[in-house]
Amino acid sequence: DVTGGIGWEGLAHLQRFEYQPAQEAKSNADRLAGSLIADYDRRWKYDKGDYAVVDLGLHTRQFTPEDAVGHLTSRLPVDRRTAEADVRRIACFPMEACAAILGWRELIRLRDDVRAARGGGFTLAGFHDAVLGYGGLPVPLIRWGLGLDG
């Protein structure tokens, strides 16, 4: 279960920007990446940033629920009913959208550091297999396990 530390959303962000959906799966990580991308697209639509804005706006009382629905429907290709459901979900899980963005950024930094350390021996498939091998550990522990810190 990788829903802890690095989280599905952080992994989905990483996969979305590194793989074309039509790319042939070459490893277990690649196959999982395809399902993560599909789940990401189904659950979080197109731009996590707009969900983070709504998350922060609701929980700092700068948005009413109606404001949040309006923000989503004006910026994303979602209907009102979907936006209302998303706002209810966001209200129940404070900072989840923001945490996903932070997890994604940490994974990008980890990927870049692994690429620099391994040079020509670096592959995305190898990186993803290594990260997923740590399950739900937080990125700093994965970094340590890969020998990049300490």
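First things first, this report covers the structure right here in the doc. (Residues numbered from 1 in each chain as written. Predicted model: local features only at pLDDT ≥ 70, side-chain atom pairs only at ≥ 80, totals over all residues. Heavy atoms only, no water.)

1. Looking at the nonpolar core
Put simply, the rule is: To form a nonpolar core, buried Ala, Val, Leu, Ile, Met, Phe, Trp, Tyr and Cys residues must be joined to one another through side-chain atoms within 4.5 Å. When accessible area is computed with a 1.4 Å probe and restricted to protein chains, residues below 20% of their type maximum are described as buried, those above 50% as exposed, and intermediate ones as partly exposed. Elements are defined by DSSP. Helices are runs of H or I of four residues or more, strands are runs of E of two residues or more, and each kind is numbered from the N terminus.
Among the nonpolar cores identified, the biggest contains 14 residues, and Tyr51, Val54, Leu58, Leu72, Val78 and Val87 are the most heavily contacted of them. If one sorts the elements of this core by residue count, helix α3 (residues 48-59) sits on top with four residues. Judged by nonpolar contacts, the second largest core, of eight residues, contains Leu107, Phe122, Phe127 and Val131.

2. Some points on the packing of aromatic side chains
Aromatic rings considered in pairs are described by the distance between their centres and by the relative angle of their planes. Counted only if it meets this: Classification of ring pairs rests on two measures: the distance between centres of Phe, Tyr or Trp rings, Trp counted by its six-membered ring, which must be within 6.5 Å, and the angle between planes, read as stacked under 30 degrees, edge-to-face over 60 and tilted in between.
Applying the stated criterion across every chain yields a total of one aromatic pair. Seen in terms of ring centroids, Phe122 and Phe127 are 6.2 Å apart; in terms of plane orientation they differ by 45°. Their pairing is tilted. Judged by its relative accessible area of 1%, Phe127 is buried.

3. Some remarks on the pattern of salt bridges
For clarity, the threshold we go by: Salt bridges are defined as contacts in which a side-chain nitrogen from Lys or Arg sits within 4 Å of a carboxyl oxygen from Asp or Glu.
Enumeration according to the criterion identifies ten salt bridges in this entry. Between Asp50 and Arg75 there is a salt bridge, and its shortest N-O distance comes to 2.5 Å. Of this pair, Asp50 sits in helix α3 while Arg75 sits in helix α4 (residues 65-75), placing them 25 residues apart in sequence. On the basis of relative accessible area, Arg75 is assigned to the exposed category, the value being 52%. For Arg109, the salt bridge identified is with Glu106, shortest N-O distance 3.3 Å. Taken as a pair, Arg109 and Glu106 lie in helix α6 (residues 96-118) at a separation of three residues, close to a single helical turn. Since its relative accessible area comes to 41%, Arg109 is described here as partly exposed.

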